[in-house]
Amino acid sequence: MIETLETLGIRPVTDFTAADGVAPAGERLEAVRQAATRYRERFREDGYVQAVRTCDLITLPYPTQYAFWHANQHPSPYLMFTNRMLVVRYVDWTGTRRTLLFNPTDYVRAAEVPFYKRLAERYGKLLSEVVLTSRHGDVLGHLQRLGIGLDEVDYLSFDHLHTQDLRGWLGPQGAFPRAKLLVNEAEWRIFERLHPLQTPWY
C-alpha cells in the first residue's frame, strides 16, 4: 500500500515553497536563506536526533565513466566505492523514538543486477566476488551489533533505488515487520518504464 507523508505521521517540508517564484535569481537566493533560518529553528523544535552510526557494507567496482561522466581520464575502467548504511535514531515531535535505516543495501540480492551479473561472467565469480569486492558487514549483523531489534526499525530510505532489492527487508517475509519505505514519487515511477540506459542497474 502506498502511503503519503501525512498518513505516516511525517511532516512535509514546505518552508521553501514561497521562494520558488521569486525573481531575479539574487532575490530568490536571499529568500531561500531567510527561509532556511526559519526552518532551522522549526526543525530544532520538532524533535531531536539521539544517535547516528555509519556502517560499512561492501566495497565494489563501479564504472569510472558513470561516476565522473567522462570527466576523468584515468585508464582504469572501474573505480572502487564503499556502500555505507546510516542508522539514525531520533525522537519525533510527538516524543516517539524512531529508527531510520538509510541505504540498507542487501548486497547479496544486488549481485543479481544485470551489470554485476555481466561482471561476474566477464571476470569469473572468484575474481568479481572475492578480488574485486570487500565485504565489511551486512545490514542485519550491524543492527545486532548495535543492539537494535528488527521490529524497532520504522523506516527505510535510499539515495537512489537502482541496484536495490527490497524483498528481503519488506513484505510478509521481510526482516523488518514494521518498516515503511520512504521514496521519492518521481523515482518510484521510474519502474513504470525504464530507460534503456537504466536497465542494467535495476
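Rules of the game
Residues numbered from 1 in each chain as written. Predicted model: local features only at pLDDT ≥ 70, side-chain atom pairs only at ≥ 80, totals over all residues. Heavy atoms only, no water. Helix = DSSP H or I, 4+ residues; strand = E, 2+ residues; numbered from the N terminus. Buried < 20%, exposed > 50% of the residue type's maximum accessible area, 1.4 Å probe, protein only. Salt bridge = Lys/Arg side-chain N within 4 Å of Asp/Glu carboxyl O. Contact = heavy atoms within 4.5 Å.

Draft legend 1. Broad picture of the environment of Thr-133. Within the element layout of this structure, Thr-133 appears in the loop between helix H5 (125-131) and strand S4 (134-135). Exposure remark for Thr-133: the relative accessible area of 14% places this residue in the buried category. As for Thr-133 and Thr-59, which are separated by 74 residues in sequence, their C-alpha atoms are 5.4 Å apart.

Draft legend 2. Layout of the pattern of salt bridges. Within the structure shown, the criterion is met by 13 salt bridges. Linking Arg-109 and Asp-106 is a salt bridge whose minimum nitrogen-to-oxygen distance equals 3.3 Å. Of the residues examined, Arg-109 reaches a relative accessible area of 32% and is grouped as partly exposed. The buried category is assigned to Asp-106, whose relative accessible area is 12%. The partner of Asp-154 in a salt bridge is Arg-178, and the shortest N-O contact between them spans 2.7 Å. Of this pair, Asp-154 sits in the loop between helix H6 (139-146) and strand S5 (155-157) while Arg-178 sits in the loop between S5 and strand S6 (180-182), and the two are 24 residues apart along the sequence. On the accessibility criterion, Asp-154 (5% relative accessible area) is buried. The network of salt bridges with shared partners includes Asp-92, Arg-98, Asp-154 and Arg-178.

Draft legend 3. Structural view of the environment of Gln-50. As for its placement among the helices and strands, Gln-50 is situated in strand S1 (residues 48-63). Taking the C-alpha atoms as reference points, Gln-50 and Leu-181, separated by 131 residues in sequence, lie 21 Å from one another. Beyond its immediate stretch of four places on either side in the chain, Gln-50 contacts Arg-89, Tyr-90, Val-91 and Arg-97.

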